[in-house]
Amino acid sequence: MGFTGFGKKARTFDLEAMFEQTRRTAVERSRKTLEAREKEEEMNREKELRRQNEDIEPTSSGAHVVRDCSKSSSRDTSSSESEESSGSSDDELIGPPLPLKMMEEPSNHIEEDILGPLPPPLYEEVEEDDDDDGDSEEEENPVQKIPDSHEITLKHGTKTVSALGLDPSGARLVTGGYDYDVKFWDFAGMDASFKAFRSLQPCECHQIKSLQYSNTGDMILVVSGSSQAKVIDRDGFEVMECIKGDQYIVDMANTKGHTAMLHTGSWHPKIKGEFMTCSNDATVRTWEVENPRKQRSVFKPRTMQGKKVIPTTCTYSRDGNLIAAACQNGSIQIWDRNMTVHPKFHYKQAHDPGTDTSCVAFSYDGNVLASRGGDDTLKLWDIRQFNKPLFSASGLPTMFPMTDCCFSPDDKLIVTGTSVQRGCGSGKLVFFERRTFQRVYEIDITDASVVRCLWHPKLNQIMVGTGNGLAKVYYDPNKSQRGAKLCVVKTQRKAKQAETLTQDYIITPHALPMFREPRQRSTRKQLEKDRLDPLKSHKPEPPVAGPGRGGRVGTHGGTLSSYIVKNIALDKTDDSNPREAILRHAKAAEDNPYWVSPAYSK
């Protein structure tokens with residue numbers, strides 16, 4: 001045909017492999033440059049040590065020192081200068097006082113002073129002690145970093161706020177509750193009235209269990225009480241809905257979706273468009289936004305005897321390579337994302353059997369896992385030694401299957417909420433120090449349970465969802481960024497005076513000028529036209545009274561006979577005497593005796 005390479009297949013590029021290759025080359029280059037720098041530094045150190053030794057050797061002869069103190073002092077200063085040039089950070093402390101001190105001391109101690117490394121370590125020790133004191137003060141008071149000096153309250157509704165989501169940039173907050181509503185709050189667009197700019201019911205009559213923004217911030221995963229998770233965009237329009245599985249198939253790996261109520265869901269932290277859900281059908285499934293017709297993979301939690309067990313919560317690790325799920329038998333199971341058969345870690349009785357573990361969360365460094373149990377405990381686990389909990393805290397009542405916990409942005413604190421019965425005190429936000437697991441701080445939120453908590457790393461603000469329909473935002477004007485600080489400074493807009501005074505009129509569409517029919521200038525011409533029209537000038541038929549006439553059935557005629565009469569158009573206009581009606585035809589019979597007379601004559 002004249003085309004070169006017409007039937008050849010187009011080249012495909014594996015972008016992930018290319019990115020991995022470039023990352024490796026960059027790491028290799030940086031390692032080589034670091035090694036070269038270290039070699040240079042070692043050589044410089046050796047040179048400086050040689051210089052110092054050369055300077056010190058002449059001073060070892062006592063005769064020169066006793067003979068000329070001024071020379072020794074000048075040599076001291078030169079040695080101190082060389083020490084300064086060697087990169088010691090204590091130049092201002094070593095400085096001028098040393099020569100005076102050496103001049104005052106006897107000559108037999110001058111050599112020890114000139115050998116000089118002794119004073120700098122002393123000063124360094126003092127400085128290190130000071131630094132340690134400062135660090136210990138900071139470590140002792142991670143509470144000072146908690147941004148709780150100010151708060152704002154967002155009114156979601158009257159029922160429990162069971163889901164909170166904040167986009168990665170911290171510009172928009174999304175709340176969901178037991179009233180089926182999902183509300184969108186824009187911090188930059190709100191004023192001091194704190195009103196949501198959009199409210200919708202994406203899952204109709206199902207309670208919202210979980211809301212989470214994707215790592216790019218352009219999609220929201222909505223997990224409700226139904227068996228189908230949904231993904232909506234930033235403005236609330238549906239992007240995809242997961243397919244419902246076949247509930248009559250025994251092996252849950254052979255069906256394309258969940259068959260029972262969902263519990264929670266989570267986005268993959270690195271891969272765009274991948275997320276995970278767990279359900280009452282005893283499976284954890286991963287999905288891709290581009291393929292809503294079937295899940296990507298299925299993880300089936302099992303007891304040690306191999307029986308099914310329902311996962312109540314699930315999450316990805318920070319690097320996305322591990323999937324953790326907590327189950328109703330009290331176990332925590334962790335899989336490799338690409339190995340769906342056997343869990344990598346399995347701890348049998350992490351929490352009491354029969355209780356719903358409501359949250360598992362990985363720390364920012366990825367080594368520690370926190371679990372919030374339905375047995376009123378919070379436990380900390382090291383996934384490198386997953387044989388017993390590092391710490392455990394009890395006395396944290398929970399009455400909701402989605403009470404969660406989270407780590408502070410600096411990984412030093414762990415936060416969770418407590419539940420209370422109605423009218424029996426106030427729900428609290430409790431802070432634990434990660435290193436010692438001491439209960440270091442708590443905030444009284446409101447006279448209802450604290451269900452959701454979220455500590456955003458960029459904003460440094462804490463969002464709290466409560467059992468009485470409130471979403472609270474805690475911030476500090478000095479430590480926090482943007483977020484609630486943007487809308488607090490805006491004054492509430494006043495309603496316009498004209499809008500309050502005028503009444504609301506109901507306007508039908510045809511009252512508007514664009515829909516109005518053209519009106520005739522003169523009605524007389526129209527009447528004349530109507531008189532000439534036979535349809536418009538026809539007198540309407542009067543209603544039928546009695547049994548009916550002229551083929552029209554009376555109002556009482558609802559029987560079969562009346563229907564037949566109506567169809568054959570029987571004429572009943574002759575209302576005269578029957579005898580006269582018969583005799584009317586007597587003359588015609590006499591003139592033309594065809595029917596009756598011949599018959600009687602025979």
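Position numbers for residues count from 1 along each chain, tracking the sequence in the order it is written. A pLDDT threshold of at least 70 governs which residues receive local features in this predicted model, and a stricter bar of 80 or more applies before side-chain atom pairs are shown or counted, although totals over entire chains, interfaces and linings include all residues. Side-chain numbers here rest on the full set of heavy atoms in the structure, without hydrogens or water.

## Describing the overall build of the protein
Next, step 1: The helix and strand tally for the protein stands at 14 helices and 28 strands.
Next, step 2: When each of the 602 residues of the protein is scored for burial, the buried share is 37%.
Next, step 3: For the protein, long-range pairs separated by at least 24 residues make up 49% of all intrachain contacts whose partners lie at least 6 apart in sequence.
Next, step 4: For accessible areas, the Shrake-Rupley method is used with a probe of radius 1.4 Å. Any residue's cover is judged against the shown protein chains and nothing else. Within the structure as shown, the protein displays about 37500 Å² of accessible surface, and the carbon and sulfur contribution to it stands at 52%. Only DSSP runs of H or I with at least four residues qualify as helices, and only runs of E with at least two residues qualify as strands; both kinds are numbered from the N terminus onward. Only protein chains enter the accessibility calculation, which uses a 1.4 Å probe; a residue is then buried when its area is under 20% of its type maximum, exposed when over 50%, and partly exposed in between. Contact between two residues is taken to exist if any of their heavy atoms lie within 4.5 Å; hydrogens are not considered.

## Let's talk about the pattern of salt bridges
Next, step 1: Each reported salt bridge corresponds to a side-chain nitrogen of Lys or Arg within 4 Å of a carboxyl oxygen of Asp or Glu. Scanning all chains against the criterion turns up 25 salt bridges.
Next, step 2: The residue aspartate 235 makes a salt bridge to arginine 198 at a minimum N-O spacing of 3.7 Å. Separated by 37 residues along the polypeptide, aspartate 235 in the loop between strand S8 (230-233) and strand S9 (238-241) and arginine 198 in strand S5 (residues 198-200) bring together distant segments of the chain.
Next, step 3: One salt bridge in this structure joins arginine 296 and glutamate 288, with 3.9 Å as the shortest N-O distance.

## Comments concerning a nonpolar patch on the surface
Next, step 1: A cluster of nonpolar residues, Tyr505, Ile507, Leu512, Met514 and Phe515, forms a patch on the protein surface that exposes about 610 Å² of accessible area.
Next, step 2: Within the secondary structure, tyrosine 505 is located in the loop between helix H9 (497-501) and helix H10 (523-532).
Next, step 3: Given the relative accessible area of 68%, tyrosine 505 is considered exposed. Patch criteria: residues need more than 30% relative accessible area and no salt bridge. Like-charged residues are merged within 9 Å; nonpolar side chains of Val, Leu, Ile, Met, Phe, Trp and Tyr are merged within 5 Å.

## A look at the side chain of aspartate 281
Next, step 1: Relative to the assigned elements, aspartate 281 resides in the loop between strand S11 (274-279) and strand S12 (284-288).
Next, step 2: Given a relative accessible area of 6%, aspartate 281 falls into the buried group.
Next, step 3: Side-chain polar atoms of aspartate 281 contact the side chain of histidine 258, separated by 3.2 Å.
Next, step 4: Discounting residues that sit within four places of it in the chain, aspartate 281 has contacts with Met252, Gly257, His258, Thr259 and Ala260. Any N or O atom pair separated by 3.5 Å or less is treated as a polar contact, with the protein-specific requirement of one donor-capable and one acceptor-capable atom, and with residues adjacent in sequence counted only for side-chain atom pairs.

## Quick notes on the sheet that holds strand S16 (residues 332-336)
Next, step 1: Pairing is antiparallel across the open sheet formed by 4 strands, whose spatial order is S14-S15-S16-S17. Both outer strands of the open sheet, strand S14 (311-316) and strand S17 (345-347), are each paired with one neighbouring strand and no more. In this sheet, neighbouring strand axes are inclined to one another by 15 degrees on average, regardless of whether the strands run parallel or antiparallel.
Next, step 2: Any two strands are treated as partners once DSSP identifies two or more bridges connecting them. Bridge count between S16 and S17: 3 bridges; the pairing is antiparallel. By the bridge assignment, glutamine 333 is partnered in S17 with histidine 346. Fitted lines through C-alpha atoms serve as axes, helices being fitted only where they are in contact, and the angles separating the N-to-C directions of these axes extend from 0 to 180 degrees.

## What about the sheet that holds strand S24 (residues 427-433)?
Next, step 1: Strand order in the open sheet made by the 4 strands is S22-S23-S24-S25, with antiparallel pairing throughout. The sheet is open, and its two borders are formed by strand S22 (405-407) and strand S25 (439-446), each paired with just one other strand. Strand-to-strand twist across the sheet, computed as the mean angle between neighbouring axes with direction ignored, equals 20 degrees.

## Considerations on a negative patch on the surface
Next, step 1: Taken together, the side chains of Glu38, Glu40, Glu41, Glu42 and Glu46 make up a negatively charged region of the molecular surface.
Next, step 2: Tracing the backbone shows glutamate 46 in helix H1 (residues 15-59).
Next, step 3: For glutamate 46, a relative accessible area of 45% translates into the label partly exposed. In this tally, Lys and Arg are treated as positive and Asp and Glu as negative; His is ignored, and so are the chain termini. Every charge is mapped onto a representative atom, which is NZ of Lys, CZ of Arg, CG of Asp or CD of Glu.

## Describing the packing of aromatic side chains
Next, step 1: For Phe, Tyr and Trp, rings pair up if their centres lie within 6.5 Å, where Trp contributes its six-membered ring, and each pair is then called stacked (planes under 30 degrees apart), edge-to-face (over 60) or tilted (otherwise). Following the criterion strictly, the structure yields 12 aromatic pairs and no others.
Next, step 2: Relative to phenylalanine 437, the ring of phenylalanine 391 has its centre 5.5 Å away and its plane inclined at 10 degrees; by these criteria the two rings are stacked. Taken together, the positions of phenylalanine 391 in strand S21 (residues 391-393) and phenylalanine 437 in the loop between S24 and S25 put the pair 46 residues apart, joining distant regions of the chain.
Next, step 3: What makes phenylalanine 437 buried here is its relative accessible area of 9%.
Next, step 4: Three or more aromatic residues joined by ring pairs form one cluster here, namely Phe345, Tyr347, Trp381 and Phe386.

## Some words on unusual backbone geometry
Next, step 1: At alanine 282, a residue that is not glycine, the phi angle is positive and equals roughly 65 degrees.
Next, step 2: Summarising the element assignment, alanine 282 is placed in the loop between S11 and S12.

## Some remarks on the pairing of S12
Next, step 1: The buried fraction of S12 amounts to 4 of the 5 residues, a majority that puts the element mostly inside the structure.
Next, step 2: Of the pairings in the sheet, the one linking S11 to S12 comprises 5 bridges and is antiparallel in character. Its bridge partner being in S12, phenylalanine 275 is matched across the sheet by tryptophan 287.
Next, step 3: From the end of S11 to the start of S12, which pair antiparallel, there are 4 residues, and alanine 282 there has a positive phi angle of about 65 degrees.
Next, step 4: Note that S12 and strand S13 (residues 297-299) share 3 bridges and pair antiparallel. Each residue of the ladder has a partner; that of arginine 285, found in S13, is valine 298.

## A word on the nonpolar core
Next, step 1: Here the nonpolar core consists of buried residues drawn from Ala, Val, Leu, Ile, Met, Phe, Trp, Tyr and Cys, with membership extended through side-chain atoms lying within 4.5 Å. Residues Ile152, Leu154, Leu173, Phe187, Met190, Met463 and Val473 are the most contacted members of the largest nonpolar core, which totals 17 residues.
Next, step 2: Among the elements of the structure, strand S1 (150-155), strand S2 (161-166), strand S28 (470-475) and helix H8 (484-488) are those that each provide at least two residues to this core.
Next, step 3: The residues contacting isoleucine 152, other than those within four sequence positions of it, are Phe194, Ala471, Lys472, Val473, Tyr475, Ala484, Cys487 and Val488.

## Things to note about the side chain of glutamine 333
Next, step 1: If you trace the backbone, glutamine 333 turns up in strand S16.
Next, step 2: Only 3.0 Å separates the side chain of glutamine 333 from the backbone oxygen of arginine 302, close enough to count as a polar contact.
Next, step 3: Side-chain polar atoms of glutamine 333 contact the side chain of serine 331, separated by 3.4 Å.
Next, step 4: Discounting chain neighbours no more than four positions away, the residues touching glutamine 333 are Pro301, Arg302, Val309, Ile323, Ala324, Ala325, Cys327, Pro343, Phe345 and His346.

## Details of the pairing of strand S27 (residues 461-466)
Next, step 1: The element S27 is largely enclosed, with a buried count of 6 among its 6 residues.
Next, step 2: Of the two faces of S27, the one carrying Gln461, Met463 and Gly465 and the one carrying Ile462, Val464 and Thr466 are both buried.
Next, step 3: Sheet topology note: the strand S26 (residues 450-456)/S27 ladder contains 6 bridges and is antiparallel. Its bridge partner lying in S27, valine 450 is registered against threonine 466.
Next, step 4: Between S26 and S27, which follow one another and run antiparallel, lie 4 residues, and asparagine 460 among them has a positive phi close to 55 degrees.

## Observations concerning the environment of valine 341
Next, step 1: Looking at the secondary structure, you find valine 341 in the loop between S16 and S17.
Next, step 2: The class for valine 341 is exposed, based on a relative accessible area of 60%.

## Looking at the UniProt feature "repeat: WD" (unreviewed entry) in the protein
Next, step 1: UniProt positions are given in the numbering used here, feature names are shortened, and annotations may be inferred rather than shown by experiment. When the UniProt feature table is mapped onto this chain, "repeat: WD" (unreviewed entry) is found at residues 154-186, 255-297 and 360-384.
Next, step 2: Structurally, residues 360-384 is divided into 0% helix and 52% strand, and its ends, taken at the C-alpha atoms, are 16 Å apart.

## Section: the confidence of the model for the protein
Next, step 1: Mean pLDDT over the protein: 79, with 77% of residues reaching 70 or higher.
Next, step 2: Here residues 59-130 is modelled with pLDDT under 50, and outside its nearest four sequence neighbours on either side it reaches 40 contacts, counting other chains as well.
Next, step 3: Across residues 132-138, confidence stays below pLDDT 50; counting only partners more than four residues off in sequence or on other chains, it has 0 contacts. For every residue, the predictor assigns a confidence score, pLDDT, that lies between 0 and 100.

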